[in-house]
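# Topology and contacts: notes
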Amino acid sequence: MNAIEIKNLKKYFGEVKAVDDISLKVKQGELFAFLGLNGAGKSTTISIICGTLKKDSGKVFVNGFDIDTDIDKIKKDIGIVFQGSALDKPLSVIENLRSRAALYGIFGKDFENRIQKINEMFELDEVLNRPYGKLSGGQKRRVDFARALIHSPKILILDEPTTGLDPQSRILVWKIVDKLRKEQGLTVFLTTHYMEEAAEADYVVILDSGKTVADGTPNFLKEKYSFDTLKVYNAVDKEVLKQRNLEFKEENGYIKIKAKNIAKAKQILIENADIFDDFEIIKGKMDDVFLNATGKVLQGGEQK
């Protein structure tokens, strides 16, 4: 059984096709990355999965439950970290977490046991009694994660979860997520514009204007949509490169030669060993995948 399964999902706002006939599957325990610019349909899809927005057509199943008939059961299985905060700024961290836990029937001793585990995971000791609104950005984000996990969900939805975080907080958050995936089989549904996060996913779906334009494992997508680069640092006669039919570009004192893959890069090196003596091979990246799949650059969630 898949953790999430979407079939031919559509959601239009007038003439705007926010989600336009997308289908996808998220396996249990998987880290699934959902990529796209603002307006591509990511947040709309998440809102439909969580039951806060009605779809126009299609089917959505979460852990085998249909959102049309079993949304209350589905909500218990999902934790979500939004782009913006969902907590009350005047309340202390512990008050916020207690009120959130109460929505899931977690009270008294059960809450104390749960908050102890959450506190150990997110290192919240020194902020538990402070107003949420007075915390730093990194502290707030850790509390947001604690809120999302307070009821031990089976699926964690992360909507641009590490935007604006300092490196230390980002590392801590991902260590916790990785631990929960390994120890509890937590399924993670991620939207992000950090390509290094997407590169660590088990499966990636790229959206553009409400449609799926590419999907697969990071390695598959890099093989299909990106190129490796051979960087040559010694002075090379450009006319010789042209005569040898090498596609190249000169940049900042070195020459970039495009290669489909490592094997092709090695072949170029062997065939041109007489002119290359200072070089390195750079693997294709997820940034290249997104650019070549959509024709756009994903940077800070905006088109560049």
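Just so we're clear, the structure is a prediction, and the values are computed from it rather than from any experiment. Chains are numbered independently. Their residues run from 1 in the order of the written sequence. Where local features are concerned, this predicted model is filtered to residues with pLDDT of at least 70; where side-chain atom pairs are given and counted, the filter is 80 or more; whole-chain, interface and lining totals use all residues. Values shown for side chains rest on all heavy atoms present in the structure; no hydrogens or waters enter the calculation.

### Looking at unusual backbone geometry
Using the following cut-off: Only DSSP runs of H or I covering at least 4 residues are called helices, and only runs of E covering at least 2 are called strands; the numbering of each starts at the N terminus.
Positive phi outside glycine occurs at Asn 8, with the angle close to 50°. Looking at the secondary structure, you find Asn 8 in strand S1 (residues 4–13). Residue Ser 209 is not a glycine yet carries a positive backbone phi of 50°.

### Some remarks on the environment of Lys 175
Let me state the cut-off plainly: Throughout this description, buried means an accessible area under 20% of the type-specific maximum (1.4 Å probe, protein chains only), exposed means over 50%, and partly exposed covers the range between.
Topologically, Lys 175 is positioned in helix H6 (residues 167–184). Among the residues examined, Lys 175 registers a relative accessible area of 57% and is labelled exposed. Residues Lys 175 and Met 121, spaced 54 residues apart in sequence, show a C-alpha to C-alpha distance of 9.5 Å.

### Structural notes on the packing of aromatic side chains
Our working definition: A pair of Phe, Tyr and Trp rings is counted when the ring centres sit within 6.5 Å of each other, with Trp represented by its six-membered ring. The angle between the planes then sorts it: under 30 degrees is stacked, over 60 is edge-to-face, the rest tilted.
Summed over all chains, the structure comprises six aromatic pairs. A ring pair is formed by Phe 32 and Phe 189, whose centres lie 5.1 Å apart and whose planes are at 25°; its orientation type is stacked. With Phe 32 in strand S3 (residues 31–35) and Phe 189 in strand S8 (residues 187–191), this residue pair connects regions lying 157 residues apart in the sequence. On the basis of relative accessible area, Phe 32 is assigned to the buried category, the value being 0%.

### Examining the nonpolar core
For clarity, the threshold we go by: Working definition of a nonpolar core: buried Ala, Val, Leu, Ile, Met, Phe, Trp, Tyr and Cys residues. They are joined through side-chain atoms within 4.5 Å. By definition, residues are in contact when any of their heavy atoms lie within 4.5 Å.
With 51 residues, the main nonpolar core has Phe 122 and Leu 156 as its most contacted residues. In terms of residue count, H6 provides more of this core than any other element does, six residues in total. When residues no more than four places from it in sequence are discounted, the contact partners of Phe 122 are Arg 142, Phe 145, Ala 146, Leu 149, Leu 172 and Ile 176. Core analysis: the next-biggest nonpolar cluster, separate from the first, contains 26 residues, Ile 49, Ile 74, Ile 80 and Ile 157 among them.

### Concerning the confidence of the model for the protein
Basically, it comes down to this: Per-residue confidence from the predictor is reported as pLDDT, a score between 0 and 100.
Mean pLDDT over the protein: 90, with 98% of residues reaching 70 or higher. Summarising per-element confidence for the protein, the mean pLDDT is lowest in strand S16 (residues 302–303) (42) and highest in S1 (98). Ignoring residues within four places in sequence, the model shows residues 300–304, a span with pLDDT below 50, making 12 contacts including any to other chains.

### Comments concerning the environment of Lys 25
Positionally, Lys 25 belongs in strand S2 (residues 16–26). Separated by 71 residues in sequence, Lys 25 and Asn 96 have C-alpha atoms that sit 33 Å apart. Other than its neighbours up to four places away in sequence, Lys 25 contacts Asn 2, Ile 4, Glu 5, Glu 30 and Phe 32.

### Concerning helix H4 (residues 108–122)
We apply this condition: Working rule for helices: expected span equals 1.5 Å times residues minus one. In this description, one arc is meant: the one made by directions from the helix axis to the C-beta atoms.
The terminal C-alpha atoms of H4 lie 21 Å apart, and with 15 residues this matches the ideal 21 Å at 1.5 Å per residue to within 8%. Here H4 has its buried residues at Phe 111, Arg 114, Ile 115, Ile 118, Asn 119, Met 121 and Phe 122. Projection of H4 onto a plane perpendicular to its axis shows the buried side chains occupying an angular sector of 155°, all on one side. Projecting away from the buried face of H4 at angles above 90 degrees are the exposed residues Lys 109, Lys 117 and Glu 120. Where H4 is buried, its residues contact helix H3 (93–102), helix H5 (137–149) and H6. Looking one or two places after H4, you find Glu 123, whose phi comes out positive at around 55°.

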